[in-house]
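Next come the chains, spelled out residue by residue.
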Amino acid sequence: MEDIKSASNHLVASYIKETPKSLKLIDSYMVYILLTGIIQFVYVTIAGTFPNNAFLAGFISTVASFILAANLRIQTNPKNASQFPTTSPERAFADFLACNVVLHFAVANFLG
Amino acid sequence: MAKFSSLFLTAVLAAVVAGSSSWQVADINLSIVAKDGTKKAEHKLVYPKVISSAEAFAADPTDHLKLSFKVQNNERPHQAMVRFLSKDDQADQIMVAASVKKASGKGRFELDFAKSHKKFKYGTRKYDMTLLVGGPQVEESLQYALGEIEVRGPTSNPPVRAARVQYEVQPEIHHQFRPDQKLINVAISGFFSLLVLSPVAVLIGLWSQLGIKFEPLKALAQNPVDLIMAAVFFGSLTGIEYVFYSYWTHVTLFPVLQYLGVLSAVAIASGRSVLSAVQTRRLKRTEKSDDVNKKEN
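As named in an unreviewed UniProt entry, chain B is Ribophorin II, taken from Podila minutissima. Word for word, the UniProt comment on chain B under Subcellular location (unreviewed entry) is "Endoplasmic reticulum membrane".

Per an unreviewed UniProt entry, chain A goes by Dolichyl-diphosphooligosaccharide--protein glycosyltransferase subunit OST2 and derives from Podila minutissima.

A word on the UniProt feature "transmembrane region" (unreviewed entry) in chain B
Residues and elements named next belong to chain B. Sequence positions flagged by UniProt for "transmembrane region" (unreviewed entry) are, in local numbering, residues 183-207, 227-245 and 257-275. Along residues 183-207 one finds 84% helix and 0% strand; the C-alpha atoms at either end are 37 Å apart. Helix makes up 100% of residues 227-245 and strand 0%, whereas the separation of the span's terminal C-alpha atoms amounts to 27 Å.

Structural notes on unusual backbone geometry
Residue and element names in this part refer to chain B. Of note in this structure, Asp27 is not a glycine but carries a positive phi near 55°. Residue placement: Asp27 occurs in strand 1 (residues 25-33). Taking relative accessible area as the criterion, Asp27 reaches 57% and is therefore assigned exposed.

Things to note about the pattern of salt bridges
What the rule picks out here adds up to 13 salt bridges over all chains. Note that A:Arg91 and A:Asp95 form a salt bridge whose closest N and O atoms lie 3.5 Å from each other. With A:Arg91 and A:Asp95 both in helix 4 (residues 89-111) and four residues apart, this pair spans about one turn of that helix. Between B:Asp60 and B:Lys40 there is a salt bridge, with its nearest N and O atoms 3.0 Å apart.

What to know about helix 1 (residues 2-18) of chain A
With 17 residues, helix 1 of chain A ought to run about 24 Å at 1.5 Å a step, and its terminal C-alpha atoms sit 24 Å apart, in line with that. Counting buried positions along helix 1 of chain A yields zero of 17 residues, so the element is predominantly exposed.

Topic: the UniProt feature "transmembrane region" (unreviewed entry) in chain A
Residue and element names in this part refer to chain A. The feature "transmembrane region" (unreviewed entry), as annotated in UniProt, sits at residues 29-48 and 54-72 in this numbering. End C-alpha atoms of residues 29-48 are separated by 28 Å, and the span's content is 95% helix alongside 0% strand. With 100% helix and 0% strand, the stretch residues 54-72 has end C-alpha atoms that lie 27 Å from each other.

Overview of the side chain of B:Ser31
Within the secondary structure layout, B:Ser31 lies in strand 1. Other than its neighbours up to four places away in sequence, B:Ser31 contacts B:Lys39, B:Ala41, B:Glu42, B:His64, B:Leu65 and B:Lys66.

Focus on the packing of helix 2 (residues 21-47) of chain A against helix 2 (residues 186-197) of chain B
The contact between helix 2 of chain A and helix 2 of chain B brings their axes to 9 Å, and the two run at 170°. By the criterion of interaxial angle, the relationship of helix 2 of chain A to helix 2 of chain B is roughly antiparallel. Like other packed secondary-structure pairs, helix 2 of chain A and helix 2 of chain B cross with a definite hand, here right-handed. Here A:Thr36, A:Ile39, A:Gln40, A:Val42, A:Tyr43 and A:Ile46 of helix 2 of chain A lie close against helix 2 of chain B, whose contacting residues are B:Ile188, B:Ser189, B:Phe192, B:Leu195 and B:Val196.

Looking at the environment of B:Gly271
Considering the arrangement of structural elements, one finds B:Gly271 in helix 6 (residues 253-296). Residues B:Gly271 and B:Met229, 42 residues apart in the sequence, show an inter-C-alpha distance of 7.8 Å.

Things to note about the packing of helix 4 of chain A against helix 5 (residues 224-249) of chain B
In contact at an axis separation of 8 Å, helix 4 of chain A and helix 5 of chain B are set at 15° when each is read in the N-to-C sense. The pairing of helix 4 of chain A with helix 5 of chain B is recorded here as roughly parallel in orientation. Helix 4 of chain A and helix 5 of chain B meet at a crossing whose hand is right-handed. Along its contact with helix 4 of chain A, which presents A:Leu97, A:Val101, A:His104, A:Phe105, A:Ala108, A:Asn109 and A:Leu111, the element helix 5 of chain B presents B:Phe233, B:Leu237, B:Ile240, B:Glu241, B:Phe244, B:Tyr247 and B:Trp248. Considering only residue class, the contact of helix 4 of chain A with helix 5 of chain B consists of 11 nonpolar, two polar and one charged.

Description of the interface of chain A and chain B
Of the residues lining the interface, 29 residues belong to chain A; the matching set on chain B comes to 35 residues. When the two sides are added together, the surface that chain A and chain B hide from each other amounts to roughly 2,800 Å², 79% of it contributed by carbon and sulfur. Applying the counting criterion to the chain A and chain B interface returns one salt bridge. Put simply, chain A and chain B have six residue pairs in polar contact (both at pLDDT 80 or more) between them. Contributions of two or more residues to the side of chain A that touches chain B are made by helix 2 and helix 4 of chain A. Taken together, the residues of the side of chain A that touches chain B break down into 19 nonpolar, seven polar and three charged.

Points about the confidence of the model for chain A
On average, residues of chain A score 87 in pLDDT, and 100% of them reach the 70 mark or higher. Here helix 1 of chain A stands out as the least confident element of chain A, with mean pLDDT 87; helix 3 (residues 52-76) of chain A is the most confident, with 91.

Parameters and conventions
Residues numbered from 1 in each chain as written. Chains lettered and ligands numbered in written order. Predicted model: local features only at pLDDT ≥ 70, side-chain atom pairs only at ≥ 80, totals over all residues. Heavy atoms only, no water. UniProt positions renumbered as here; feature names shortened; annotations may be inferred. Helix = DSSP H or I, 4+ residues; strand = E, 2+ residues; numbered from the N terminus. Buried < 20%, exposed > 50% of the residue type's maximum accessible area, 1.4 Å probe, protein only. Salt bridge = Lys/Arg side-chain N within 4 Å of Asp/Glu carboxyl O. Expected span 1.5 Å × (residues − 1). Contact = heavy atoms within 4.5 Å. Axes fitted to C-alpha atoms, helices over the stretch in contact; angles between N-to-C directions. Parallel < 35°, antiparallel > 145°, perpendicular 65-115°, else oblique. Left-handed = near helix turned anticlockwise from the far one by under 90°. Nonpolar A, V, L, I, M, F, W, Y, C, P; charged D, E, K, R; others polar. Buried area = accessible area lost by both parts, 1.4 Å probe. Polar contact = N/O pair within 3.5 Å; in protein donor to acceptor, adjacent residues only side chain to side chain. pLDDT = per-residue confidence, 0-100.

Right under this line is the structure:
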């Protein structure tokens, strides 16, 4: 128990100190997406799935946004720069925006 | 005198050409013969004599009914038959044909009730017999009601009549529409709608905690082209999101696609310039920090 506590403290401290600000920005955005998805899921367990497409559209939009944010984080992390020689962080951000636009189109279509 | 004789001549000629006006059938002989050959009953009929029901003309299922007659016209009939019409509710009609010899005009048939039509076997019934003689040469066909006959049904294994289909009004069908699905209570749904927007507050809190520097804005203010491009970029992105919202509410697909085409072109163009500006700033920043590190080292 003590070990877990100290390990987690160490993890949190290291995270706060070492992670660059841009990545923390993306991380907080991912936390926000996660919370939205959890709240939607709790609602559907209470209210049932009628209308089905509305729940699916909302939930899948949170999941997909989370995945896109994770991709952005991976591509803009300076430590991974060697794996992405042709993709600059700006390019990654532009891709992120474009994919989000497509996702929002699909969600608007499905939302009904 | 001449007129009268010519009229008489035409009438005679017409009679000769037209032929007889009705069928003349004579020597009608109806008899019931038992299986062993003995005659059970016999009637010699002359039109319009009828076998009445009082005379109890009856046949067992094993008997034969013999009919013979002579057609006295010069012409021979195409159809000569006896129609049996049952006198009960079913009113079955059974036609039994008689063969007429061309040479003599004599017609006859011998009806074996056991081997003939199935309808004779539905039980003991009374039938009205009618002799029907007809053909194209004679205008008026002969319909001679011969009388009544009782045919007894078979004693063993009587056939069963197929049930008659009774078409009548069926009970009315009342269509049950599926009841609408129950929607959740508005209060709960409203509460959760607000709850789902609350993580935005969490996001803003986390972002403010990060301590973001607004240095790029100062650089943008100095360079108006960059500022305009940035405004256009964010404006186009907001416009795209608004188009999606209106697509959800009321607009159909094709106007939406047109708007999206225009707005996405604008977004791509302005986005490229904005992001390239961001990249030059980042590279300058890293160069500066590299120089500082080098200096320190």
